[in-house]
Amino acid sequence: MAPLAPKTGDPLFANVERVNAELFTLTYGAIVRQLLADLEEVEEVNKQLDLMGYNIGVRLIDEFLAKSNVSRCVDFKETADIIAKVGFKMFLGVTATVTNWNAEGTTCSLVLEDNPLVDFVELPDTCQGLHYCNILSGVLRGALEMRRGGEALLYRRIRGGVPRTGGSGHGQWRPRPSLHPRPCLWPTPLPAVLAAEAGGRRMRRRTGVNED
Amino acid sequence: MAAIYSLFIINKSGGLIFYKDYGSAGRMDTNDSLRLASLWHSMHAISQQLSPTTGCSGIELLQADTFDLHCFQSLTGTKIFVVCEPSTLHMEGLLKVIYELYTDYVLKNPFYEMEMPIRCELFDVNLSQAIQKDRVPLLGR
């Protein structure tokens, strides 16, 4: 009695309980601020955010699979599409676009035009190199690791700095070599290399100049 | 009257993380249930290899004279299976509901450690409600 998997996440998003967007944004901002105060090093904060995201992702994937009824994805392109259209919509209420495919179809970019995490956020100069949304890459890493059984190092850079120009990073996704420390009869490691990048259009560096 | 005898949840490594016994006959102690869960995990995996068709995802239904065993495996490797009276209906739906309860009340509990035995009161409460709501009567303990 498996129903067809929804091609968009809209019906799913309509059915899940939602929280006030400002509360969500403010809570995340408070987390990042507190991490900066505690850890002081921008790189450490990035690592912590990624770790937090990873712990979320390993739990979130089951909920996603249970509620969305998607079946096993045939290839990596389908995986990226499902993440962008159904996954992000279901949990964040926004869809991402999948762009920037490389020739072999093993890397792509997931671009979030309207990222609720970065509403009202401006990075000060003291926080250069901070991957503000790094929790998202951790979530993706955790979620996909549960499915593929391979460890992934997902590195991504937020498109910060000057809007529409300036470095948009890319990431490397490396499969774990075939030794699996946990004996389980589970699918083969992901052979592909994935890069993901998400940018918030509203991430701006405060330049001190009146921007109109 | 169709009834559930027992419910098992196995993590992706084959360890038993949840066992609930609803029937009076065939009640098992902890060690036996652990052993049975590991056995089922192995059999499930072997069945995927033995299957003559490609893309087999393992045993979904085992029918015996005195019981049926319905098994659901999520795409993450967690298996939920229920032992019930022969020809009990709607077990697949029930397994899906239990999977959703698992994702809600177990995984979202920040103090629950992944792959560890489930000790979540909310999960127990909601599970009982779900099993009763589906109008699958329980045999008296």
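Residues numbered from 1 in each chain as written. Chains lettered and ligands numbered in written order. Predicted model: local features only at pLDDT ≥ 70, side-chain atom pairs only at ≥ 80, totals over all residues. Heavy atoms only, no water.

## Re the interface of chain A and chain B
- On the chain B side, the residues contacting the 20 residues of chain A number 24 residues.
- Of the roughly 1800 Å² buried where chain A meets chain B, counting both sides, 61% is carbon and sulfur surface.
- The tally of links between chain A and chain B comes to 2 salt bridges.
- The partner of Lys67 of chain A in a salt bridge is Asp104 of chain B, and the shortest N-O contact between them spans 3.2 Å.
- One can count 7 residue pairs in polar contact (both at pLDDT 80 or more) joining chain A with chain B. (Contact = heavy atoms within 4.5 Å. Buried area = accessible area lost by both parts, 1.4 Å probe. Salt bridge = Lys/Arg side-chain N within 4 Å of Asp/Glu carboxyl O. Polar contact = N/O pair within 3.5 Å; in protein donor to acceptor, adjacent residues only side chain to side chain.)

## Remarks on the packing of helix H3 (residues 42–68) of chain A against helix H4 (residues 76–92) of chain A
Residues and elements named next belong to chain A.
- Contact geometry of H3 with H4 gives a least axis separation of 11 Å together with a crossing angle of 100°. With respect to their mutual orientation, H3 and H4 come out roughly perpendicular. Residue-level contacts link Leu60, Glu63, Phe64, Lys67 and Ser68 of H3 to Ile82, Val86, Gly87, Met90 and Phe91 of H4.
- Classifying every residue of the contact of H3 with H4 by side-chain character gives 6 nonpolar, 2 polar and 2 charged. (Axes fitted to C-alpha atoms, helices over the stretch in contact; angles between N-to-C directions. Helix = DSSP H or I, 4+ residues; strand = E, 2+ residues; numbered from the N terminus. Parallel < 35°, antiparallel > 145°, perpendicular 65-115°, else oblique. Nonpolar A, V, L, I, M, F, W, Y, C, P; charged D, E, K, R; others polar.)

## Regarding a nonpolar patch on the surface
- Where nonpolar side chains cluster on the molecular surface, the patch consists of Val19, Leu23 and Phe24 of chain A and spans about 270 Å² of accessible area.
- Relative to the assigned elements, Val19 of chain A resides in the loop between helix H1 (10–15) and helix H2 (21–39). (Patch = residues over 30% accessible without salt bridge, like charges linked within 9 Å, V, L, I, M, F, W, Y side chains within 5 Å. Areas by Shrake-Rupley, 256 points an atom, 1.4 Å probe, with all protein chains shown as cover.)

## Observations regarding the confidence of the model for chain A
- In this model, chain A carries a mean pLDDT of 70, and residues with pLDDT of at least 70 account for 66%.
- Low pLDDT, under 50, characterises residues 149–212 of chain A; the stretch is placed with 141 contacts to residues that sit more than four places away or in other chains. (pLDDT = per-residue confidence, 0-100.)

## Details of the pairing of strand E2 (residues 16–21) of chain B
All names here are of chain B.
- Sheet topology places strand E1 (residues 4–10) next to E2; 5 bridges connect them, and they run antiparallel. Residue Leu7 lies in a different strand from E2, and its bridge partner there is Lys20.
- Hairpin connection between E1 and E2: a loop of 5 residues separates the two successive antiparallel strands, and Gly14 in this loop has a positive phi of roughly 100°. (Pairing = 2+ DSSP bridges.)

## Topic: unusual backbone geometry
- At Glu40 of chain A, a residue that is not glycine, the phi angle is positive and equals roughly 65°.
- Classification of Glu40 of chain A as exposed rests on a relative accessible area of 64%.
- At His90 of chain B, a residue that is not glycine, the phi angle is positive and equals roughly 65°.
- Looking at the secondary structure, you find His90 of chain B in the loop between strand E5 (79–84) and helix H2 (91–106).
- Residue class for His90 of chain B comes out exposed when judged on its relative accessible area of 64%. (Buried < 20%, exposed > 50% of the residue type's maximum accessible area, 1.4 Å probe, protein only.)

## Some details on the nonpolar core
- In this structure, Tyr102, Ile118 and Phe123 of chain B are the most contacted members of the largest nonpolar core, which totals 41 residues.
- In this view, Phe123 of chain B contacts Ile9, Phe18, Ile98, Leu101, Tyr102, Tyr105, Val106 and Ile118 of chain B; residues no more than four positions away in its chain are not counted.
- Grouped together as the second largest cluster of nonpolar side chains are 31 residues, Val45, Ala84, Tyr132 and Leu144 of chain A included. (Core = buried A, V, L, I, M, F, W, Y, C linked by side-chain atoms within 4.5 Å.)

## Concerning the side chain of Thr103 of chain B
- Within the secondary structure, Thr103 of chain B sits in helix H2.
- Given a relative accessible area of 0%, Thr103 of chain B falls into the buried group.
- Of note is the side chain of Thr103 of chain B, whose polar atom sits 2.8 Å from the backbone oxygen of Glu100 of chain B.
- When sequence neighbours within four positions are dropped, the list of residues in contact with Thr103 of chain B reads Asp62, Glu63 and Ala66 of chain A together with Lys108 of chain B.

## Considerations on the sheet that holds E2 of chain B
Residue and element names in this part refer to chain B.
- Spatially, 5 strands are ordered E2-E1-E5-E4-E3 in an open sheet, and the strand pairing comes out antiparallel. Across the chains shown, the open sheet's two edge strands, defined by having one partner strand only, are E2 and strand E3 (61–63). With strand direction ignored, the average angle separating the axes of adjacent strands in the sheet is 10°.
- In the sheet, E1 pairs with E5 via 6 bridges, with the strands oriented antiparallel. Following the sheet pairing, Ile10 is matched in E5 by Lys79.

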